[in-house]
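Each chain is listed here by its residues.
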Amino acid sequence: MNKPKGPSRSLPEIHRRDVLLGAAALLPSPREAAAQAADPPRSAQTGLLMSGGAAAPVPAVPSFAKGKDRALVLGGGGEYFIAWLIGFAHGLSAAGVAYNLADIIVGTSAGAVVGCAIAANHLGLARDDMEFFGAFPRLLSSLVPTGASNPSQVRAREICQNTRDASVAAIQAIGRGAMAARNPSVIDLQLMIDILSVDRSWPSPSLYVTTTDCYTAERLVLSPSSQVPISHAVCASVSLPGIFGPTWIGDRLCMDGAMGSTSTHADLVAGAQRALVVALTDTQRRFTRIPNDIEQELRNLEAAGTKTLLIAADPAKVNLMSADEIGPALKAGHGSAQREAERIKAFWA
């Protein structure tokens, strides 16, 4: 008896579907998730307490890159920039440029996600994930909240959009909005990061992830010595007010690492021989109106003896948080890498 034919699916699609659906089955119920988000188990907090040196002033003194050769700095920019950075990395690889030679990687928000994949040498898997999500945006939307926003989320985002200075009071105001927003539990987001990074262990001692304390407005720099699972660290870095989180890191409630006076935290690599900085530089594409001066940050690096190369990944008008942008972003990043390959090879090799 002939079986009816259905839509054909490749083995990678089936495997990825099974992984995601199986992982989704492990999610707690909404009631359990709410309880965990409201009052994390004390046992889960044990071992997450951070060392006193986690809070780093801007600029950092000293930096984390003294004596290092290559530094890679990856800024933030939502789902669009995650995909762009992955396409960029694969474009460089196709052009014969080794992108994974960095002695130190500083990742913020989207850059934290991709920096984690680079440090773990999982870029190939990350690209497969993003292509899969691009083909099935509804599946991505089940993990990333893209539905209608409630008033508390709208208020948090409006505070970000209306902030035009990087004073402590201004960042604390963003933090209050972030803490007051009724967002979905971050558990789903942590699961997605686990899927993208494969393992919860810190992928490399070379990786540093930035986030911001909602209450104090301090910058926190997370590394293996912070004793934080990588999914928690990256989740804190991407906890965009009014969208995700905030995320508990030890006894601190944290939001997106780009909520501050710098969107790249390039000062953390001052003193390295050379720094490749990849970032969105168009202030109209960012989630706040804080006037981060990337050109001044690079001048500061040069003054510290670090040669710099900036790759500006400024798209046309796009929704940085839309799954529909993943496919175009992968192509845009790949195309940029092809155009910049020789210049990067001369600088990086």
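Residues numbered from 1 in each chain as written. Predicted model: local features only at pLDDT ≥ 70, side-chain atom pairs only at ≥ 80, totals over all residues. Heavy atoms only, no water.

K.L.:
Pulling in residues and values, what's your account of the overall build of the chain?
P.N.:
Along its length, the chain carries 13 helices and eight strands. When the 349 residues of the chain are sorted by exposure, 53% land in the buried category. (Helix = DSSP H or I, 4+ residues; strand = E, 2+ residues; numbered from the N terminus. Buried < 20%, exposed > 50% of the residue type's maximum accessible area, 1.4 Å probe, protein only.)

K.L.:
Describe in detail the pairing of strand 3 (residues 207-213), supporting the description with residues and values.
P.N.:
The buried count for strand 3 comes to seven of seven residues, which makes it a mostly enclosed element. Relative to strand 3, strand 2 (residues 104-108) runs parallel, the two sharing four bridges. For Thr108, the partnering residue across the bridge sits in strand 3 and is Thr210. Linking strand 3 to strand 4 (residues 219-222), which pair antiparallel, is a turn of five residues; within it Ala217 sits at a positive phi near 70°. Bridging between strand 3 and strand 6 (residues 252-256) involves three bridges; their strand directions are antiparallel. If you follow Thr211 over to strand 6, its bridge partner there is Asp256. (Pairing = 2+ DSSP bridges.)

K.L.:
So, the packing of helix 8 (residues 151-162) against helix 9 (residues 168-180): which residues are in play, and what are the values?
P.N.:
Two elements in contact, helix 8 and helix 9, have axes whose closest approach is 8 Å; the angle formed by their N-to-C orientations is 165°. Here helix 8 is positioned roughly antiparallel relative to helix 9, judged by the angle of their axes. With respect to the hand of their crossing, helix 8 and helix 9 are arranged in left-handed fashion. Two secondary-structure elements touch here, helix 8 through Ser152, Arg155, Ala156, Ile159 and Cys160 and helix 9 through Ala173, Ile174, Gly177, Ala178 and Ala180. In terms of residue class, the contact of helix 8 with helix 9 is built from seven nonpolar, two polar and one charged. (Axes fitted to C-alpha atoms, helices over the stretch in contact; angles between N-to-C directions. Parallel < 35°, antiparallel > 145°, perpendicular 65-115°, else oblique. Left-handed = near helix turned anticlockwise from the far one by under 90°. Contact = heavy atoms within 4.5 Å. Nonpolar A, V, L, I, M, F, W, Y, C, P; charged D, E, K, R; others polar.)

K.L.:
Explain the packing of helix 4 (residues 78-94) against helix 5 (residues 110-119) to me, using residue names and the numbers behind them.
P.N.:
Remark: helix 4 packs on helix 5, axes separated minimally by 8 Å, with the N-to-C direction vectors making an angle of 30°. In terms of axis orientation, helix 4 runs roughly parallel to helix 5. Taken as a pair, helix 4 and helix 5 cross one another with a handedness that is right-handed. Residue-level inspection shows Gly78, Phe81, Ile82, Leu85 and Ile86 of helix 4 in contact with helix 5, the latter providing Ala110, Gly111, Val113 and Val114. The residue inventory of the contact of helix 4 with helix 5, partitioned by class, reads seven nonpolar, two polar and no charged.

K.L.:
Quick one: what's the story with the pattern of salt bridges, residue by residue and with numbers?
P.N.:
Under the defined criterion, the tally for this structure stands at seven salt bridges. Glu218 is the partner of Arg252 in a salt bridge, and the nearest nitrogen-oxygen pair spans 2.9 Å. In this pair, Arg252 is assigned in strand 6 and Glu218 in the loop between strand 3 and strand 4, connecting sequence segments 34 residues apart. Arg252 sits in the partly exposed class, given a relative accessible area of 21%. The salt bridge partner of Arg343 is Glu340, with a shortest N-O separation of 2.8 Å. In this pair, Arg343 and Glu340 both sit in helix 13 (residues 326-348), three residues apart, roughly one turn of the helix. One continuous salt-bridge network, built from bridges that share partners, spans Asp69, Arg70 and Arg274. (Salt bridge = Lys/Arg side-chain N within 4 Å of Asp/Glu carboxyl O.)

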